[in-house]
Amino acid sequence: MATAQARPATARGPRLPATLTPHVLQRLAGRVSAAPDAARVTTSAPYTGVPLADLPVSTPADVEDAFARARTAQKTWAATPVAERGKILLRYHDLVLARQEEVLDLMQAENGKTRRDAFLEVVDIGIVSRYYARNAAKYLAPKRRRGAFPLLTHATEVRHPKGVVAVVSPWNYPLSMAASDTIAALAAGNAVLQKPDTQTALTALWSMELMYEAGLPENVWQMVTGRGSSIGGALMDNADYMMFTGSTATGRQIASDAGRRLIGASLELGGKNPMIVLDDADIEKAAAGAVAACFPSAGQLCVSVERLYVADSVRDRFLDAFLARTRKLAIGAAYDYGVDVGSLTTPAQLKTVTEHVDDAVAKGATVLAGGRARPDLGPLFYEPTVLTDVTPDMTLHSHETFGPVVSVYTFQDVDDAVEQANATAYGLNASVWSRDGRRGRAVAARVHAGTVNVNEAFAAAWGSVDAPMGGMGDSGLGRRHGAEGILKYTEPQTIAHQRVQGFTPPSRISPETWAALLTGALKALKALGVR
Ligand code: NAD
């Protein structure tokens, strides 16, 4: 069994970077909305397992207080011209890029990912903040709509902010997931009360701090910490809209609670994402693409690939190239760009990954690369793992592992590939590889997934923020990015002004004559080609 190359590291792992002084960590923790005598929780750094942050824990009463402050602040914020809101987002964009070293250090310390993976989050925030800063006005502007009767009915669609949006964001992309949905909500004139995952709360708090430096008025964006079982109810009971990113199981609960309250919810959930390598794919590029697709953030990425379908005719060539690249990956802990694969984030993730792989192996799967934890590198490292001979009775066949583990299957023809790729309850992201772009796009359109990348792992669709992104099936409801990504945070209102003649008949015309007149008018509108 081959193993990936380990970058030399001390048993205790790297020291925290100089940017993360106790003073900085305390300052960020102090931005949590919680009472001065709040209970505290300590997180630990995945690279080493040593304590990292000491955070206050918010109570339901803290959540209520934060909502009250947000409601007041939101009124002024909603009245602030969209162009002014956009300027703040652009200043935030500049601050994030200028001070990226701070947040790269923070993300690595809290999440255990590599610097390269962390940098992708900075890129994402740059793209999203610029996009909504420059496009919000277009989406939010009142739109003339065709009235019931041309000339007589003047109809306008107006967009109002929802009010206070609750954002529940996960630990795996702590900057990107904390900020990108919030940016769109703020651009639309909402206040945001966010509950980031406690493990990565400092990164989210850093992002919020920079937004205030950029000029956001006080209390328009606040953060609470705590378990869903403790403060989730208070969040849901007070929110005007719920933006949730997390597991499908929690997403179902949130959807049901939102239904009870009759508020909207956007749910970005899990996946079991497929990659299809067609027989005409550029094998070296596809192999490099598979590495990029399967192991980013140690596989703890909602859009990363866990199922690889390879045309039978190119299987051996592809596997040779893919395994060679996988074995060369440098795994380890370092606050620089020299490492390819970082650590898992929590002991729970290490347990899931270990259990999934062990279960598969016990039931007959073959390990082609990896397949084991690496406690010599740090408490939560697991090698990039490639499996074959995976069958439906194995847990990882259809359940999300959320780790650096991929199963390789083969297919006979395109129909077979599409059928296998679609044999899942999920539908988040997919990747298709072919030298023929048109063929690749045609296959992509047949895959049941909210985003499909052709000759790219996930970043093409993720970074194309003018287009919607989100999941089909068990992968979610609603979309981030593009028009959907901002309009979901608004209440559409139609204002229709009827002029000269209304729908009720004038007093001197009988109802029969009026019905005949209107029938004639409808026929004329159709004949004239009116839409
Ligand atoms: P999780 O569902 O266990 O927890 C997510 C968050 O929800 C936590 O902060 C938790 O405290 C909170 N929560 C739980 N119950 C709540 C309630 N009733 N009200 C409000 N909040 C509540 O998910 P996780 O394991 O932390 O995250 C990993 C999952 O997230 C994976 O399945 C992954 O695929 C998914 N994910 C999806 C995307 C996407 O964009 N589709 C992005 C990142 C992660």
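Located above this text is the structure these notes cover.
Being a predicted model, the structure only gives us computed values, none of them experimental. Throughout this description, residue numbers start from 1 for each chain and increase along the sequence as written. Per-residue local features are limited, in this predicted model, to residues with pLDDT of at least 70; the limit for side-chain atom pairs, both in listing and counting, is 80 or more; totals at the level of whole chains, interfaces and linings are taken over all residues. Where side-chain values are given, they derive from all heavy atoms of the structure, hydrogens and water being excluded.

*Asks:* Just checking my understanding: could you explain the sheet that holds strand β14 (residues 366–369) for this structure?
*Replies:* For sheets, the rule is that strands pair by backbone hydrogen bonds, running either parallel or antiparallel. With mixed pairing, seven strands are arranged side by side in an open sheet as β14-β15-β16-β12-β11-β17-β18. For this open sheet the edge positions go to β14 and β18 (451–454), each flanked by a neighbour on one side alone. Neighbour-to-neighbour, the strand axes of this sheet turn through a mean angle of 25 degrees, independent of strand direction. In the sheet, strand β15 (residues 385–388) pairs with strand β16 (residues 405–411) via three bridges, with the strands oriented parallel. The residue bridging threonine 385 from the neighbouring strand is valine 405, located in β16. We call two residues in contact when some of their heavy atoms are within 4.5 Å. Simply put, an axis is a line fit to the C-alpha atoms, just over the touching stretch for a helix, and the angle between two N-to-C directions goes from 0 to 180 degrees. In this text, helices come from DSSP runs of H or I with a minimum length of four residues, and strands from runs of E with a minimum of two, each type numbered from the N-terminal end. Packed onto the sheet, helix α14 (residues 414–421) meets β11 (273–277), β12 (305–311) and β16 and runs at close to 145 degrees relative to β16. Think of it this way: DSSP has to see at least two bridges between two strands before they count as a pair.

*Asks:* What is the right way to read the side chain of threonine 182 from this model?
*Replies:* The residue threonine 182 is located in helix α6 (residues 176–187) in this model. Once you skip the residues sitting within four places of it in the chain, threonine 182 turns out to touch Val167, Val192, Gln194 and Trp221.

*Asks:* What is the right way to read empty space enclosed by the protein from this model?
*Replies:* To find leftover empty space, one rolls a probe the size of a water molecule over the atoms. The rule is simple: put a 1 Å grid over the protein atoms alone, call a set of points where a 1.4 Å probe fits but cannot get out a cavity, call an open set with protein on both sides within 12 Å along at least five of seven lines a pocket, and count a residue as lining if it has an atom within 4 Å of a point. Grid points are joined across faces, edges and corners, and a volume is the space filled by probe spheres set on the points. A complete count under the given rule lists three cavities of 30 Å³ or more for this structure. When its volume is computed, the largest cavity comes out at roughly 50 Å³. Pro274, Tyr426, Gly427, Leu428 and His448 are, among the 14 residues lining the largest cavity, the residues nearest its centre. Asp, Glu, Lys and Arg are counted as charged, while Ala, Val, Leu, Ile, Met, Phe, Trp, Tyr, Cys and Pro are counted as nonpolar; the rest, among them Gly, fall into the polar class. Split into classes, the residues belonging to the lining of the largest cavity amount to six nonpolar, six polar and two charged.

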